[in-house]
Every structure is written in structure tokens, then in C-alpha cells.
Amino acid sequence: MPDWLKTGWRHVWLPYAQMQTAPLPAAVVRTLGSKIFLADGKVLVDGTASWWTACHGYNHPHIKQEVAAQLEAMPHVMFGGLAHEQAYRLATRLAGLMPPGLERVFFTDSGSVAVEVAIKIAVQSRLNKGERGRNKILAFSGGYHGDTIGTMAICDPDEGMHSLFTGLLPEHPVIALPRDAASIAAFDAFLESNAHRLAAIITEPLVQGAGGMILHEPEVLRRLRRAADRYGLSLIFDEIFTGFGRTGTMFAYQQADVAPDIITLSKALTGGTLPLAATIASAALFSDFLSDDPQHALMHGPTFMANAMGCAAANASLDLFETEPRVAQAGRIEAQLMAELAECRALPDVVDVRVKGAIGVVQLAKIADPAGLRGRFIEQGVWVKPFGNVVYLTPALTISEDELTQLTGAIRSVLGAV
Ligand SMILES: *Cc1c(COP(=O)(O)O)cnc(C)c1O
């Protein structure tokens, strides 16, 4: 074990971990492509793309080169009153990838904060128009939108620990996604009596990620759009997980042919290189903030807003989407995941196997010991990190066929041996 791990272990606090029982994390010294090199000499094939960020694999030479050049010229300047080319060019390019009308980009430094900004935009646009009392956001069970206090409140009530933190969290309605006759009726009835309190509807389009990798049909998104139009609500698509090719198209909204009013992006935005996020709003919402009244301005501004190296990494990542067949690679991964995970259905405790784009999910009845399972995957030479009751793969879109076979083979052998 490296000295820095032994000493530092007494001082770090890990994410989502019960520190009394958490096993020591694996010490990493280097990454490359879809490989993670451990301090003890072991090499793991990465099945997670580091929480879905490293869509081009680790250390892509083009991103490295652009970030290094930006570091040399200017790592960061404040975004209030000063401008730099990387951010302005990135905003222009992101707007070009959005549905018509979504053209205003607000940069932040994490996905949760991008969602906080989306909530602020939706609610303050009402206040700016003199509409009071429309400050609730309709969210859906199984959803995940971040870990800050504001975003916990619009997560699935269990995921967001709503009962534990009662009194701390703002209260927003969280109901079932309208996907079958009963939930559609409940959704319609809810809106009929509560729409006047709402500013917006938020969902992750097509795949609810951290809430359990739960899929829904594009028709659900069209239904949300129709409801938002009918009741005059803003529709927010949180594409922080689904964006940048993950579901088989550049963005998930494209598969439903539905344009929301706000889209949030982060995770793969910089190709897994640096923290950066964006909230992209419609021209109509933006215009609600134009006024002679200074109080009508959007009151938000992170210190590291539009960090120049982060924006350089994001521009380099978009270059790669333009010059390399990333979205087609997601399609190839989808076909391979379907073929190679199918036989997991027959394994003990497996209740579902599902694949969408470059997302492969094996759902178990229950995972009693996720840390132990993770250890067995490391023994098999792969980095797979189960959560809740799912074992999932979200590899880099550049992963080779052989590497992906190693991942699916490890899942079959580890779950088969349980
Ligand atoms: C990860 C995630 C977030 C939160 O992003 P952070 O950068 O971790 O704050 C929000 N929404 C979705 C859909 C996510 O997957």
C-alpha cells in the first residue's frame, strides 16, 4: 500500500461511504484509454468511465494538448466583467447542438449547481413577470438531480433522503413518471389541481441514471411536453448523464424529438478532464430576465464560472465528437452489450437485464455486499462499481471490443459465482 494512502486515509472522507466499514479504495497511479493502472501493478478495464465522464477514454491526446495550451496561456480569469475565447466559443457550439431556441448558456462547475441554476431560472422567470406562488418543481420518483440541498429536494424521495432531512429541504412534489395508464391518470390529476403552484417539470430524459438506471420510452417525454405547454410550465431535461452520446444519440431529447425549455449538461462535457457544467435556456426564458430593474437579473455566479481550462477541454471534446465516430461507437457498444449480457438473465438473483446505447444494466433482487462485489470485480481485472440493486456498465465510447468483452465476461462470471 502506498504511504500516501496509509497516511491520508485518516484524513479523507469518501463519497456515499460508511467510513466505519468502508474498505480501502484501490490506489490508482495512471490511466490510459479504458485502462486504470493500480499502485500494486494490477491493470483494470474500466466499466464506469469514472462516473460517466470519460467518454473518449482517459488521457485523450487532443484534450491533453488543448488543456496544456490553455494552461500555458491562462488557466483561469473571473467571468464577471472579463471574457475569454474558450467560453464564448463553447457557448456558441453548445447552442448549435441544442434544439432551436435553446441558445443561452450559463456555465457552472458541477452538475448539481447546473440544476440549481435551472431551478432558479424557472422560478425567477415567473417572479420577474409578477407571478407569485409558482415556486414548485414537479419531479419524478427514480430521478436523480444532484446532492446539493436544493437538488436533493427534487431527487427520488428515498435517494434524496427526504424523510431524514425534513425541514431542511425545500418541498417539491415528486410523483411517478407518466408511463402507463395508472401513472398517466395520476399525473393528469396532479396537474389539474396543482399546476398553478408549479414553475417547471424536470426529468432525466430516457434514462434515470443514479436512481437505478431505469429506462422509459420517448413517448413519456412527449407527454411531459404536452402537459408543460397546456399548463404553461417550463420543461427541464437534465442531460447530465444522458448527454454526449451515452444513449445512442448525441443527446437523449433527440430520440423523442422534443425540445425542452432548459437543458443541463456536465459529466462528459469535458470528456472527463475537468469539472464544468452548463445550463442552457430558451430565448424566451432569457427574455424574462431583461428589464430596467436590476433585481430581475439572474443572481448566480460561481467563482470558477467558465474556467478556461475546463472550457478548453470541452471544446476539445466537441472537436472529437465532430471528427471521430463517437455516436456510432455507442451503437456498436449497444449491440455488443445486448449480445453479451443477455445470458445474465439466467443467473441467480438476476431480475432484469437492460441496455440503452452505451449503458448496460444487470438488476439483481438485492445486492447485500456491494463492496465485496466490487472487490471480486477487481480480482477479475475490471472496475465495475455496483450501486443500489444494479450492476452496470457505462464504458468509454472508445472502448475496444475485447475490453468490453472482458467487462461483460467478468459480470457473468462474478454474478454466476454468487
Ligand atoms: C451526476 C448527476 C448530477 C449531479 O452532478 P454533480 O456534478 O455530481 O453535481 C445531476 N443530474 C444527473 C442526471 C446526474 O447524473
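Criteria and cut-off values
- Residues numbered from 1 in each chain as written.
- Predicted model: local features only at pLDDT ≥ 70, side-chain atom pairs only at ≥ 80, totals over all residues.
- Heavy atoms only, no water.
- Pairing = 2+ DSSP bridges.
- Helix = DSSP H or I, 4+ residues; strand = E, 2+ residues; numbered from the N terminus.
- Axes fitted to C-alpha atoms, helices over the stretch in contact; angles between N-to-C directions.
- Contact = heavy atoms within 4.5 Å.
- Salt bridge = Lys/Arg side-chain N within 4 Å of Asp/Glu carboxyl O.
- Buried < 20%, exposed > 50% of the residue type's maximum accessible area, 1.4 Å probe, protein only.
- Near = heavy atom within 4 Å.
- Polar contact = N/O pair within 3.5 Å; in protein donor to acceptor, adjacent residues only side chain to side chain.
- Nonpolar A, V, L, I, M, F, W, Y, C, P; charged D, E, K, R; others polar.
- Expected span 1.5 Å × (residues − 1).
- pLDDT = per-residue confidence, 0-100.
- Phe/Tyr/Trp six-rings, centres within 6.5 Å; stacked < 30°, edge-to-face > 60°.
- Lys NZ or Arg CZ within 6 Å of the ring centre and 35° of its normal.
- Core = buried A, V, L, I, M, F, W, Y, C linked by side-chain atoms within 4.5 Å.

Caption draft 1: A look at the sheet that holds strand β14 (residues 359–364). In space, the 3 strands of this open sheet follow the order β13-β14-β16, with antiparallel pairing throughout. In this open sheet, the two strands that pair with only one neighbour each are β13 (350–356) and β16 (390–393). Taken over all neighbouring pairs, the strand axes of this sheet differ in orientation by 10° on average, direction set aside. As paired elements, β13 and β14 share 6 bridges and run antiparallel to each other. Opposite V355, over in β14, you have G360 as the bridge partner. Helix α12 (residues 326–341) rests against β13, β14 and β16 of the sheet, and its axis sits at about 160° to β13. Across the sheet, helix α14 (residues 401–416) lies against β14 and β16, angled at about 165° from β16, the strand it touches most.

Caption draft 2: A look at the pattern of salt bridges. Within the structure shown, the criterion is met by 15 salt bridges. Between R134 and E131 there is a salt bridge whose closest N-O contact spans 3.3 Å. For R134, a relative accessible area of 16% puts it in the buried group. Residue E131 is classed as partly exposed on the basis of its relative accessible area of 27%. Here the residues in one salt-bridge network are R93, D319 and E322, joined through shared partners.

Caption draft 3: Layout of the site of the ligand. The local shell around the ligand consists of W52, S110, G111, S112, Y144, H145, G146, E204, D238, I240, F241 and K267. Within the backbone of G111, one N or O atom sits 2.8 Å away from an oxygen atom of the ligand. Between the ligand and the protein, one listed contact pairs an oxygen atom with a side-chain N or O atom of S112 at 2.6 Å. Classifying every residue of the shell around the ligand gives 4 nonpolar, 5 polar and 3 charged.

Caption draft 4: Just the sheet that holds strand β1 (residues 28–32), in detail. With mixed pairing, 4 strands are arranged side by side in an open sheet as β1-β2-β3-β15. Of all strands in the sheet, those bounded by a partner on one side alone are β1 and β15 (382–383). Alignment of strand β2 (residues 35–38) against strand β3 (residues 43–46), held across 3 bridges, turns out to be antiparallel. Along β3, the bridge assignment pairs F37 with V43. Sheet contacts for α14: β2, β3 and β15; angle to β3, the most-contacted strand, approximately 90°.

Caption draft 5: Quick peek at the side chain of D156. Mapped onto the elements of the fold, D156 is located in the loop between α6 (149–152) and β6 (174–175). Here D158 takes part through its backbone nitrogen, which lies 3.0 Å from a polar atom of the side chain of D156. Apart from residues lying up to four places away in sequence, D156 is in contact with F140, S141, G142, G143 and H162.

Caption draft 6: Molecular detail of helix α11 (residues 308–323). An ideal rise of 1.5 Å per residue puts 22 Å on 16 residues; α11 measures up with 22 Å between its terminal C-alpha atoms. With a side-chain oxygen lying 3.2 Å from the backbone nitrogen of M309, the N-terminal cap of α11 falls on N307.

Caption draft 7: Representation of the pairing of β1 within the structure. The pairing of β1 with β2 spans 4 bridges and is antiparallel. Across the sheet, V28 pairs through a bridge with L38, a residue of β2. Counting the residues that bridge the hairpin from β1 to β2 gives 2 residues, and of these G33 lies at a positive phi of roughly 60°.

Caption draft 8: Quick look at the confidence of the model for the chain. Averaged over all residues, the pLDDT of the chain is 97; the fraction at 70 or higher stands at 100%. Per-element mean pLDDT across the chain ranges from 94 in helix α13 (residues 370–379) up to 99 in strand β11 (residues 262–265).

Caption draft 9: Focus on the packing of aromatic side chains. Evaluated as defined, the whole model comprises 10 aromatic pairs. Between W52 and Y392, the aromatic rings sit 6.2 Å apart at their centres with planes inclined by 75°, giving edge-to-face as the arrangement. In this pair, W52 sits in helix α2 (residues 49–52) while Y392 sits in strand β16, placing the two residues 340 residues apart along the sequence. Taken together, a centroid distance of 6.3 Å and an interplanar angle of 45° make the contact between F140 and F187 tilted. Placement of the pair is F140 in strand β5 (residues 136–140) and F187 in helix α7 (residues 181–194), with a sequence separation of 47 residues. With respect to class, F140 is no different from F187; both count as buried. Taken together through their ring pairs, the aromatic side chains of W52, F241, F387 and Y392 make up a single cluster. The residue whose ring lies beneath R30 is F37, and the NZ or CZ to ring-centre distance is 3.9 Å. Against the face of F286 rests R104, its NZ or CZ located 3.8 Å from the ring centre.

Caption draft 10: The nonpolar core, seen in detail. Counting residues in each nonpolar core, the largest one holds 110 residues, and the members touching the most others are L94, F107, L191 and F244. It is helix α5 (residues 111–128) that contributes the most residues to this core, 8 residues altogether. If sequence neighbours within four positions are ignored, F107 has contacts with A87, L90, A91, L94, A277, A278, P302, M305 and A306.

Caption draft 11: Structural view of the environment of A371. Along the chain, A371 falls in helix α13. Overall, the relative accessible area of 28% leaves A371 in the partly exposed class. For the pair A371 and K385, spaced 14 residues apart in sequence, the C-alpha to C-alpha distance is 8.4 Å.

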